[in-house]
Amino acid sequence: RHRCPWIFLLLSRPPSPLLIGHLFRFKPFRINLRLILVSGKTKEFLFSPNDSAADIAKHVYDNWPMDWEEEQVSSPNILRLIYQGRFLHGNVTLGALKLPFGKTTVMHLVARETLPEPNSQGQRNREKTGESNCCVIL
(Lines give C-alpha, C1' and ligand atoms only; values in the text may rest on other atoms or scores of the structure.)
Protein backbone atom coordinates (compact mmCIF):
# COMPACT_ATOMS: atom_id res chain seq x y z
CA ARG A 1 0.00 0.00 0.00
CA HIS A 2 2.81 2.44 0.82
CA ARG A 3 5.10 3.17 -2.08
CA CYS A 4 7.98 4.18 0.16
CA PRO A 5 8.78 1.84 3.06
CA TRP A 6 10.67 4.67 4.81
CA ILE A 7 7.47 6.65 5.22
CA PHE A 8 5.77 3.64 6.77
CA LEU A 9 8.67 3.14 9.18
CA LEU A 10 8.71 6.79 10.15
CA LEU A 11 4.96 6.87 10.75
CA SER A 12 4.69 3.55 12.59
CA ARG A 13 7.17 4.26 15.42
CA PRO A 14 9.73 6.82 16.57
CA PRO A 15 12.81 6.62 14.33
CA SER A 16 15.92 5.01 15.76
CA PRO A 17 19.32 6.74 15.54
CA LEU A 18 20.36 4.02 13.08
CA LEU A 19 17.40 4.81 10.81
CA ILE A 20 18.10 8.54 11.03
CA GLY A 21 21.74 7.92 10.13
CA HIS A 22 20.64 5.77 7.19
CA LEU A 23 18.25 8.46 5.94
CA PHE A 24 21.02 11.10 5.99
CA ARG A 25 22.92 9.04 3.41
CA PHE A 26 20.25 9.89 0.84
CA LYS A 27 20.66 13.09 -1.16
CA PRO A 28 17.45 14.85 -0.02
CA PHE A 29 18.83 14.78 3.54
CA ARG A 30 22.32 15.87 2.57
CA ILE A 31 23.82 19.31 2.27
CA ASN A 32 25.64 20.13 -0.95
CA LEU A 33 28.69 22.33 -0.37
CA ARG A 34 30.48 24.08 -3.20
CA LEU A 35 33.95 24.84 -1.89
CA ILE A 36 35.96 27.61 -3.52
CA LEU A 37 39.75 27.88 -3.19
CA VAL A 38 41.65 31.19 -3.29
CA SER A 39 42.69 30.23 -6.83
CA GLY A 40 39.01 30.22 -7.83
CA LYS A 41 38.83 26.47 -8.38
CA THR A 42 35.64 24.86 -7.10
CA LYS A 43 34.38 21.40 -6.18
CA GLU A 44 31.08 20.16 -4.77
CA PHE A 45 30.78 17.72 -1.87
CA LEU A 46 27.79 16.18 -0.04
CA PHE A 47 27.69 16.23 3.75
CA SER A 48 25.38 15.36 6.63
CA PRO A 49 23.96 18.09 8.89
CA ASN A 50 25.88 16.41 11.72
CA ASP A 51 29.24 16.97 10.01
CA SER A 52 31.41 19.63 11.65
CA ALA A 53 33.83 22.03 9.98
CA ALA A 54 36.67 19.76 11.19
CA ASP A 55 34.94 16.69 9.67
CA ILE A 56 34.58 18.53 6.37
CA ALA A 57 38.23 19.61 6.35
CA LYS A 58 39.32 16.00 7.00
CA HIS A 59 37.01 14.63 4.28
CA VAL A 60 38.22 17.17 1.71
CA TYR A 61 41.85 16.50 2.63
CA ASP A 62 41.34 12.72 2.34
CA ASN A 63 39.51 13.15 -1.01
CA TRP A 64 41.56 16.01 -2.44
CA PRO A 65 40.41 16.63 -6.04
CA MET A 66 42.91 15.87 -8.79
CA ASP A 67 42.48 19.32 -10.35
CA TRP A 68 43.40 20.94 -7.00
CA GLU A 69 46.83 19.28 -6.97
CA GLU A 70 48.71 22.62 -7.06
CA GLU A 71 46.90 23.76 -3.90
CA GLN A 72 47.49 20.53 -1.91
CA VAL A 73 48.11 21.18 1.81
CA SER A 74 50.23 19.20 4.26
CA SER A 75 47.51 18.57 6.86
CA PRO A 76 43.72 18.79 7.24
CA ASN A 77 44.31 20.76 10.44
CA ILE A 78 45.17 23.92 8.51
CA LEU A 79 42.09 23.87 6.27
CA ARG A 80 39.54 26.49 7.28
CA LEU A 81 36.01 27.10 6.04
CA ILE A 82 34.64 30.59 5.55
CA TYR A 83 30.86 30.99 5.44
CA GLN A 84 29.19 34.38 4.96
CA GLY A 85 32.50 36.13 5.60
CA ARG A 86 33.26 34.34 8.88
CA PHE A 87 35.68 31.56 9.74
CA LEU A 88 33.95 28.45 11.08
CA HIS A 89 35.44 26.86 14.17
CA GLY A 90 36.08 23.12 13.95
CA ASN A 91 33.16 22.06 16.14
CA VAL A 92 30.45 23.99 14.26
CA THR A 93 28.10 21.60 12.44
CA LEU A 94 26.28 22.28 9.19
CA GLY A 95 23.00 21.67 11.02
CA ALA A 96 23.82 24.45 13.48
CA LEU A 97 24.16 26.81 10.51
CA LYS A 98 20.65 25.78 9.36
CA LEU A 99 21.83 25.11 5.81
CA PRO A 100 19.08 23.91 3.46
CA PHE A 101 18.86 20.29 2.32
CA GLY A 102 19.08 19.62 -1.39
CA LYS A 103 20.40 23.08 -2.27
CA THR A 104 23.96 24.19 -2.90
CA THR A 105 25.69 26.29 -0.25
CA VAL A 106 28.92 28.08 -1.16
CA MET A 107 31.85 28.26 1.26
CA HIS A 108 35.48 29.26 0.83
CA LEU A 109 38.24 26.84 1.78
CA VAL A 110 41.58 28.33 2.79
CA ALA A 111 44.82 27.10 4.32
CA ARG A 112 45.51 28.94 7.55
CA GLU A 113 47.34 27.83 10.69
CA THR A 114 45.19 29.71 13.20
CA LEU A 115 41.85 31.46 13.25
CA PRO A 116 41.72 35.23 13.84
CA GLU A 117 40.47 36.47 17.18
CA PRO A 118 36.66 36.87 17.11
CA ASN A 119 36.74 40.67 17.25
CA SER A 120 40.25 41.45 16.01
CA GLN A 121 39.09 43.14 12.77
CA GLY A 122 36.81 45.53 14.62
CA GLN A 123 39.59 46.38 17.07
CA ARG A 124 42.02 47.15 14.22
CA ASN A 125 39.47 49.42 12.54
CA ARG A 126 38.95 51.36 15.78
CA GLU A 127 42.71 51.77 16.20
CA LYS A 128 43.09 53.12 12.64
CA THR A 129 40.24 55.61 12.95
CA GLY A 130 41.00 56.64 16.53
CA GLU A 131 37.54 55.56 17.68
CA SER A 132 37.03 54.22 21.15
CA ASN A 133 34.16 52.83 23.18
CA CYS A 134 34.45 55.39 25.98
CA CYS A 135 32.35 58.46 26.55
CA VAL A 136 33.45 62.06 27.03
CA ILE A 137 31.55 63.89 29.73
CA LEU A 138 31.53 67.68 29.46
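Rules used in this analysis
Residues numbered from 1 in each chain as written. Predicted model: local features only at pLDDT ≥ 70, side-chain atom pairs only at ≥ 80, totals over all residues. Heavy atoms only, no water. UniProt positions renumbered as here; feature names shortened; annotations may be inferred. Salt bridge = Lys/Arg side-chain N within 4 Å of Asp/Glu carboxyl O. Helix = DSSP H or I, 4+ residues; strand = E, 2+ residues; numbered from the N terminus. Buried < 20%, exposed > 50% of the residue type's maximum accessible area, 1.4 Å probe, protein only.

- In the annotation of an unreviewed UniProt entry, the protein chain is listed under the name Ubiquitin-like protein 3 and assigned to Lamprotornis superbus.
- Recorded in UniProt under Subcellular location (unreviewed entry), the annotation for the protein chain is "Cell membrane".

1. Notes on the pattern of salt bridges
(1) Moving on: Applying the stated rule across the entire model yields 3 salt bridges.
(2) Moving on: A salt bridge links D62 to K58; the shortest N-O distance between them is 2.7 Å. Here the residue D62 and the residue K58 both occupy positions in helix α3 (residues 53-62), the gap between them amounting to 4 residues, near one helical turn.
(3) Moving on: A relative accessible area of 46% means that D62 is categorised as partly exposed.
(4) Moving on: A relative accessible area of 42% means that K58 is categorised as partly exposed.

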